[in-house]
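For reference, the chains in residue letters:
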Amino acid sequence: MSETGYDPLARIRGEGGPDFDVALWGTVFLDIVLTGLDGKPAGGTEVFATGMGSCPGGIANLAVAASRLGLRTSLAAAFAEDSYGEFCWETLADQEHIDLQSSRRYCRWHSPVTVSYAIDDDRCMVTHAHRPPDYHDNPVTAPPAARAVIADLGSDDLREPAGVAWLEQAHASGSLIFADAGWDSSGAWSQEMLDRLDHCYAFTPNSVEAMAYTRTATPQDALYSLADRVPLAVVTNGAHGALAIDSATGEEVNVPALRVPAMDATGAGDVFGAALVVGTLAQWSLTERVAFATLCSSLAVQQFGGSLAAPGWGDIAQWWHEVRDSGGTTSYDLAVRRRYGFLEDIVPTVPQGAVHRAQATIARRSDV
């Protein structure tokens, strides 16, 4: 039984398997999320927010999303020995049940901080961060044995020689590498990024990123181009859902998005990626994997804050019970019930105590 009260991989576990389901390496930020602003701040003015939450962010968004979905998660990151670093460490290790044995603590350094404010269905962020003074002399350790690795190939951590070596070691040990690339603020969209997919099992960019990297005009064309490079190609397409091709099985799917009120998209991509890993490791069909990832990210955007919003199995079970028992008869209602009917075989085994966002730790320290 996982710390979430439900283990989605219970039937595939056996003697001699890896200790971890997913391993991560990246930068942890202290995120301060402000909500309920009447307008954007302007020079010489003061704007009040009606809500505020503090939580670990950055790579912690992925770690929390994976752990809440029942994956045994290992995180390699740098933590400062200041109050922010202590808060992030305790939250992730003690409250979110993430293994930090591969992480390092650094003195004479302050934690990276991001202040994010959500307004007009969008978000703006201000970040201050730099490396620990002795980071390169005392980097993180080699990746532990894990079924999967989720990697942002565009991050500074994984573009440096130590990060490249870390990924190569993970691949050599048998981990499936699920890669994302992130936004290229330079606008170059270098083809070198695609060359880094050689060791990757899956690539999950959004439609704008996918078209820019592949020099294609549509998300569908971008998907076909990426499917020539990785066994599992997935292109998330915002309000239109997600497209995917599994080259190993020949499956191709186009899963529509759910109709939900979106409040904050921070961390939704991380939730999508973690959920896709769950479905893949659990050996679900491609349609079920992408539908589940779409559901989890849809639940996330209905809440404010990155790791604050990551759903647990309790949230998923509650959503399915509401949808199944709603009695809605529109074509959309019937389509959603058909699409997610596979949850009927899963949800009855989810204990009532399975984690909900409201019970998950970080929310206790916020008033979002």
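For the structure, see preceding data.
Residues numbered from 1 in each chain as written. Predicted model: local features only at pLDDT ≥ 70, side-chain atom pairs only at ≥ 80, totals over all residues. Heavy atoms only, no water.

Engineer: I'm lost on the packing of aromatic side chains in this one. Help?
Structural biologist: Centre-to-centre distance and the angle between the planes together describe a pair of aromatic rings. Taken as a whole and assessed by the stated rule, the structure comprises 13 aromatic pairs. Between phenylalanine 292 and tryptophan 313, the ring centres sit 5.3 Å apart and the planes meet at 20°, which makes this aromatic pair stacked. In this pair, phenylalanine 292 is assigned in helix α9 (residues 286-300) and tryptophan 313 in helix α11 (residues 313-324), connecting sequence segments 21 residues apart. Taking the relative accessible area as the measure of exposure, tryptophan 313 reaches 0% and is therefore buried. (Phe/Tyr/Trp six-rings, centres within 6.5 Å; stacked < 30°, edge-to-face > 60°. Helix = DSSP H or I, 4+ residues; strand = E, 2+ residues; numbered from the N terminus. Buried < 20%, exposed > 50% of the residue type's maximum accessible area, 1.4 Å probe, protein only.)

Engineer: Is there a simple way to explain unusual backbone geometry in this structure?
Structural biologist: The bulk of non-glycine residues show a negative phi, and the bulk of peptide bonds are trans. The phi dihedral of histidine 97 falls on the positive side, at around 60°, and the residue is not glycine. Its place among the elements puts histidine 97 in the loop between α2 (83-95) and β6 (104-106). For arginine 215, which is not glycine, the phi dihedral falls at a positive 60°. The topology assignment puts arginine 215 in the loop between α6 (207-214) and α7 (219-227).

Engineer: Hey, could you run me through the nonpolar core in this one?
Structural biologist: The nonpolar side chains of a soluble globular protein tend to be buried, and buried together. Residues Leu75, Phe292, Trp313, Trp319, Tyr340 and Leu343 are the most contacted members of the largest nonpolar core, which totals 71 residues. At nine residues, the largest contribution of residues to this core is made by α9. Those residues in contact with phenylalanine 292 that lie beyond four places of it in its chain are Leu69, Ala275, Val278, Trp284, Trp313, Ile316, Tyr340, Phe342 and Leu343. (Core = buried A, V, L, I, M, F, W, Y, C linked by side-chain atoms within 4.5 Å. Contact = heavy atoms within 4.5 Å.)

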